[in-house]
Amino acid sequence: MTRLKDKVALITGASTGLGRRISSLFASEGAQVVATDINEADLGLIKEYTDPRNFSMHTIVADMSSQKEIEAAVDETVKKYGRIDILVNNAGIMDNYTPLSEVKDVLWDKVMAINLNGPFYATRRALQSMVAARSGIIINIASVAGLYGARAGTAYTVSKHGLIGMTKNVGYIYAEQGIRCNAIAPGRMESCEDHEIDYTRISPLVRETIPEGLALNPHISRPTEIARIALFLASDDSSFINGEVITGDGGWTAY
């Protein structure tokens, strides 16, 4: 089954974890995948997770905190394939649960640059092609931290709340242009290399407040489980879903 046959999909943060699984799954479903990441060496590893019989992938090295490099990646995709059908804004970093009083400017700026500004620049550029074609799908990888207040530190929480706000706005504003924009809000994921946390350096304030909530998590997801949600949103199976947030947390936020 090839639910994304001949679709052109640009995926950011594609070299590890969830991004790698999404890239591999989309390629196996017939998409022409453009995988972009700052880590050039790991981009090549995506092929190890992909069935070579259904493999079409182009890689671009780009820093998702750089407006110039993000826009260049979108432009290169459109130049190579003539269009961009699917944009997955997956690139993101954590903030080590840092509470607001301890957030340094450099941490705030870095988290915002990658988690919020990056998707903004990528989406704005991709919309040029999508509006012209009157067709397109945008998938933003948010987080349960974008829905609640104590799943991460201040910077990460704010960035993901902002990303969900952008999702809803774009989904509604561009609906009549044939464009859909949805978000996925994962909970904790196993083997998620791009969101590693140094628990030895977590603030004492956070240690007193957050662990109780973490203990309520009944199931830590595998990246492939979240990738399947992205596939659903990228396919025609979700044709009437727009401006929504799908929570994939195994029931964590149901408590």
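Our subject is the structure listed above.
Here's what I pulled together on the structure shown here.

### Focus on the packing of helix α4 (residues 105-133) against helix α5 (residues 154-173)
Thinking step 1. Contact geometry for α4 and α5: axes closest at 8 Å, N-to-C directions at 15°. It follows that α4 is roughly parallel to α5 by the angle criterion. Every pair of crossing elements has a handedness; the one defined by α4 and α5 is right-handed. Of the residues in α5, those in contact with Trp 108, Val 111, Met 112, Asn 115, Leu 116, Pro 119, Phe 120 and Thr 123 of α4 are Thr 154, Ala 155, Tyr 156, Val 158, Ser 159, Lys 160, Gly 162, Leu 163 and Met 166.
Thinking step 2. In terms of residue class, the contact of α4 with α5 is made up of 11 nonpolar, five polar and one charged.

### Examining empty space enclosed by the protein
Thinking step 1. Counting across every chain of the model gives one cavity of 30 Å³ or more.
Thinking step 2. The space that makes up the largest cavity amounts to roughly 30 Å³.
Thinking step 3. Sort the elements by how many residues they give to the lining of the largest cavity and α4 lands first, with three residues.
Thinking step 4. Taken together, the residues of the lining of the largest cavity break down into four nonpolar, three polar and no charged.

### Quick look at the sheet that holds strand β3 (residues 57-61)
Thinking step 1. Read from one edge of the open sheet, seven strands run β3-β2-β1-β4-β5-β6-β7, paired in parallel fashion. Sheet topology places β3 and β7 (245-248) at the edges, where each strand pairs with a single neighbour. Strand-to-strand twist in this sheet, taken as the mean axis angle between neighbours without regard to direction, amounts to 15°.
Thinking step 2. With four bridges connecting them, strand β6 (residues 179-186) and β7 associate as parallel partners. Bridged to Ala 183 within β7 is Val 245.
Thinking step 3. Where α4 meets the sheet, it contacts β4 (86-89), β5 (136-141) and β6, and its direction lies at approximately 175° from that of β4.

### Topic: the nonpolar core
Thinking step 1. One finds Leu 10, Leu 87, Ala 126, Met 130 and Ile 138 to be the most contacted residues of the largest nonpolar core, which totals 31 residues.
Thinking step 2. Broken down by secondary-structure element, the contributors of at least two residues to this core are β1 (8-12), α3 (67-81), α4, α5 and β6.
Thinking step 3. In terms of residue count, α4 provides more of this core than any other element does, seven residues in total.
Thinking step 4. The contacts of Ile 138, once residues within four sequence positions are left out, are Leu 87, Asn 89, Thr 123, Leu 127, Met 130, Val 170, Ile 179, Arg 180, Cys 181 and Asn 182.
Thinking step 5. Counting 28 residues, the second-largest nonpolar core is a separate cluster that includes Leu 4, Ala 31, Ile 229 and Ala 234.

Conventions we followed
Residues numbered from 1 in each chain as written. Predicted model: local features only at pLDDT ≥ 70, side-chain atom pairs only at ≥ 80, totals over all residues. Heavy atoms only, no water. Axes fitted to C-alpha atoms, helices over the stretch in contact; angles between N-to-C directions. Helix = DSSP H or I, 4+ residues; strand = E, 2+ residues; numbered from the N terminus. Parallel < 35°, antiparallel > 145°, perpendicular 65-115°, else oblique. Left-handed = near helix turned anticlockwise from the far one by under 90°. Contact = heavy atoms within 4.5 Å. Nonpolar A, V, L, I, M, F, W, Y, C, P; charged D, E, K, R; others polar. 1 Å grid on protein atoms, 1.4 Å probe; cavity = no way out; pocket = protein on both sides within 12 Å on 5 of 7 lines; lining within 4 Å. Points joined across faces, edges and corners; volume = space filled by probe spheres on them. Pairing = 2+ DSSP bridges. Core = buried A, V, L, I, M, F, W, Y, C linked by side-chain atoms within 4.5 Å. Buried < 20%, exposed > 50% of the residue type's maximum accessible area, 1.4 Å probe, protein only.

All we've got here are geometric facts, nothing functional implied.
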